[in-house]
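Structure assessment
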Amino acid sequence: MDGYNFAYLDEQTKRMIRRALLKAVAIPGYQVPFGGREMPMPYGWGTGGVQLTASILGADDILKVIDQGADDTTNAVSIRHFFQRVAGVETTTATTAADVIQTRHRIPETPLRAGQILVFQVPIPEPLRFIEPSEQETRLMHALEEYGVMHVKLYEDIARYGHIATTYAYPVKVDGRYVMDPSPIPKFDNPKLDGNPALMLFGAGREKRLYAIPPHTRVESLDFEDHPFEIQRWEHSCALCGSDRSYLDEVITDDKGGRMFVCSDTDYCQTRRGEVA
Amino acid sequence: MKKPRLTRPVLLDVQDITRLYGPAKGCEAIDFRLHAGEVLGIVGESGSGKSTLLRVLAGLEAPDAGRVVYRRPSNEPEAARAGEGVLDKGELERDEAEIDLYAIGEARRRALLRLEWGLVHQNPRDGLRMGVSAGANIGERLMAQGQRHYGQLRATGQEWMRQVELDPGRIDDAPRTFSGGMQQRLQIARTLVTRPRLVFMDEPTGGLDVSVQARLLDMLRTLVRSLGLSVVLVTHDLAVARLLAHRLMVMRRGQVVETGLTDQILDDPQHEYTQLLVSSVLTP
């Protein structure tokens, strides 16, 4: 497109973000501040993820964008369209074919491979924020590894609900050092963070922070000895593809209580139906 | 009559502390030693520098001059003190006997505050997390030390609620549903749960009515004796000082004007300011 640099951002901005990304990869889970730019979309719509994607995208890369696992929801469609226009890159919905996958709230069910990059959109990067409002204090807590308060939240969950009721943005410890908010992915996806061969980058546009999990990094979900970490389970299988090991969305089908459970990852579901049918 | 033990080791060695915000604002040239198991009261009128001194002693504010040296008793068996046996003393080396509070790094200072010291604020809202339940408040310091067993944390929480005369059945209630006196008890439980050696208290009974104050003082006295705590107690209330403190330091305009045994100071004050202070106490 005329009048814009490749992938919308100017080269100096991209360089600055890449430099911050290198630092983030060098210190897994550490939040690196960066000079976030205004993007042609409102905060909360993935401006952090878009800036990261714009900085790492090459002309030959194939891009996939998902929102809650689906390729066809508003956020996914508009961001995919954005990069088609400003970078002219090829896009895909197939997880296996993509080089860069920008995601909101899910990690694809299909295992990622080495060389792929997963870019997360993050609303609140600070896992300690809910209990410590001061940024100065949370930075000090990260620096000194004072993470006791994270368990206060989990304790409070068990005291109130009888089990750890945090189901998304479940805090993790990266490489035995930094406690990190994995963005609002369901805790179902937390085990996929551990030792993943793909590079995972996290961008928060409003808070202007980015962080990363390099490939094959140890990622543990916080828990108690007598209340170990557990992922969600369903009594149903996917109504469309029959998968019993994917994250399911409940879909209301009529106003008489009719409902069905389907995979939230549309590419995974469609691929399986193609194979099964 | 039982003779006092004079061989108690020095726990806190305060050497010539000065922290001034302006002339006679703050504290100046404070020098004293706190022995193990001793309760030291610091009394004086508002603005006499007693809270500033406490902040410096408790590691919250660096002094302009002087040293605060903490001497850790070495002959005490560590495991017996720790109680639960899961405490991770990580950043603090065990065999180190003398710690200069402001010469060590911030990480180790905070670890020391978390593991071996405690601070009870005047307003329980400053010391408690108002958003989480009483049990989570009591368990926080234990979780910070690495305890990761929910059942044990809860049992410890209930045990401590009993110790401070709170109903253990209210363990899941938020502190804001507690009365002022109960909040103060909760704050004390939260501080003492890690069995600190040294506790700093800033007007622990301030803002409570007299009958609640009396019960709290009674409980504090029992706890101090049964746990063998050393306490630095800041108060403007001479009655509180009389009940809790073994020894008193009277401060005025940032300086110590008189020190001595509590009864000696209150019954036979030597300095004119102390005489004024003692004679100003209202008796019904």
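Described in the following lines is the structure provided in the data block. Bear in mind the structure is a predicted one, so any value in this text is a computation, not a measurement. (Residues numbered from 1 in each chain as written. Chains lettered and ligands numbered in written order. Predicted model: local features only at pLDDT ≥ 70, side-chain atom pairs only at ≥ 80, totals over all residues.)

Broken down by element type, chain A carries seven helices and 12 strands. The C-alpha atoms of chain A give a radius of gyration of 19 Å, which matches the 19 Å a tight globule of 277 residues would have. A principal-axis box enclosing the C-alpha atoms of chain A has dimensions of 60 × 55 × 35 Å. Sorting the 277 residues of chain A into buried and exposed places 45% on the buried side. The contacts of chain A with a sequence gap of at least 6 include a subset with a gap of at least 24, amounting to 62%. (Helix = DSSP H or I, 4+ residues; strand = E, 2+ residues; numbered from the N terminus. Rg over C-alpha atoms; globule rule 2.2 N^0.38 Å. Buried ≥ 20, exposed ≤ 12 C-beta atoms within 10 Å, placed from the backbone. Contact = placed C-beta atoms within 7 Å.)

This brings us to the sheet that holds strand 10 (residues 219–221) of chain A. The strands that make up a sheet are held in pairs by hydrogen bonds between backbone atoms, and each pair lies either parallel or antiparallel. Residue and element names in this part refer to chain A. Spatially, three strands are ordered 7-6-10 in an open sheet, and the strand pairing comes out antiparallel. Strands with a single pairing partner mark the edges of an open sheet, and in this sheet they are strand 7 (178–180) and strand 10. Direction aside, neighbouring strands of the sheet carry axes that sit 30° apart on average. Note: strand 6 (residues 172–174) against strand 7, three bridges, orientation antiparallel. Its bridge partner lying in strand 7, Val174 is registered against Tyr178. (Pairing = 2+ DSSP bridges. Axes fitted to C-alpha atoms, helices over the stretch in contact; angles between N-to-C directions.)

So, on to unusual backbone geometry. The backbone of His105 of chain A sits at a positive phi, close to 75°, despite the residue not being glycine. Counting through the fold element by element, His105 of chain A comes out in the loop between strand 4 (100–104) and strand 5 (117–121). For His105 of chain A, a count of 20 C-beta atoms within 10 Å gives the class buried. Here Glu165 of chain B, not a glycine, exhibits a phi torsion of approximately 60°, which is positive.

Residues and elements named next belong to chain A. For strand 9 (residues 209–213), the buried fraction is high: five of the five residues fall into the buried class. Here strand 1 (residues 32–33) pairs with strand 9 via two bridges, running antiparallel. Considered in strand 9, the bridge of Pro33 is made with Arg209. Relative to strand 9, strand 8 (residues 199–204) runs antiparallel, the two being bridged by five bridges. Note that in strand 9 the partner of Phe202 across the bridge is Tyr211. The turn linking strand 8 back onto strand 9 is made up of four residues, and Lys208 within it adopts a positive phi angle of 55°.

On to the environment of Asp67 of chain A. All names here are of chain A. Positionally, Asp67 belongs in strand 2 (residues 62–67). Look at Asp67 and you get buried, because 23 C-beta atoms sit within 10 Å. Between the alpha carbons of Asp67 and Asp265 there is a distance of 9.2 Å; along the sequence they are 198 residues apart. Asp67 has contacts with Thr73, Asn75, Ala76 and Arg104, leaving out every residue within four places of it along the chain.

The next subject is the pairing of strand 4 of chain A. A regular strand places its side chains on the two faces of the sheet in alternate fashion. Residue and element names in this part refer to chain A. For strand 4, the tally of buried residues reaches five of five residues, placing the bulk of the element in the interior. What you see with strand 4 is no split at all: Val100, Gln102 and Arg104 on one side and Ile101 and Thr103 on the other are buried throughout. As judged from the five bridges shared by strand 2 and strand 4, these two strands associate in the parallel manner. Bridge pairing links Lys64 to Ile101 in strand 4. The sheet contact formed by strand 4 and strand 5 spans four bridges and is parallel. Within strand 5, the position partnered with Gln102 by the bridge is Val119.

This paragraph deals with the nonpolar core. Within soluble globular proteins, side chains that are nonpolar tend to cluster in buried spots. If you look at the biggest cluster of nonpolar residues, it comprises 133 residues, and the most contacted ones within it are Leu201 and Leu210 of chain A together with Leu233 of chain B. Counting residues per element, this core draws most heavily on helix 5 (residues 148–161) of chain A, which supplies seven residues. Each residue touching Leu201 of chain A, except ones within four places of it in the same chain, is listed here: Leu21, Leu52, Ile117, Val119, Phe120, Leu210 and Ala212 of chain A. Counting eight residues, the second largest nonpolar core, distinct from the first, contains Cys238, Leu248, Cys263 and Tyr268 of chain A. (Core = buried A, V, L, I, M, F, W, Y, C linked by C-beta atoms within 7 Å.)

Residue and element names in this part refer to chain A. Residue placement: Ala143 occurs in helix 4 (residues 135–143). Among the residues examined, Ala143 registers 11 C-beta atoms within 10 Å and is labelled exposed. Along the chain, Ala143 and Tyr178 lie 35 residues apart, while their C-alpha atoms are 8.8 Å from each other.

Residues and elements named next belong to chain B. The sheet built from four strands is open, its strands ordered 2-1-4-5 with antiparallel pairing. Only two strands of the sheet have a single partner each, and these edge strands are strand 2 (25–35) and strand 5 (98–100). Looking at each pair of strands side by side, their axes are set apart by 20° on average, direction ignored. Bridge analysis of strand 4 (residues 65–71) against strand 5 gives three bridges, and the strand direction is antiparallel. Following the sheet pairing, Arg71 is matched in strand 5 by Glu98.

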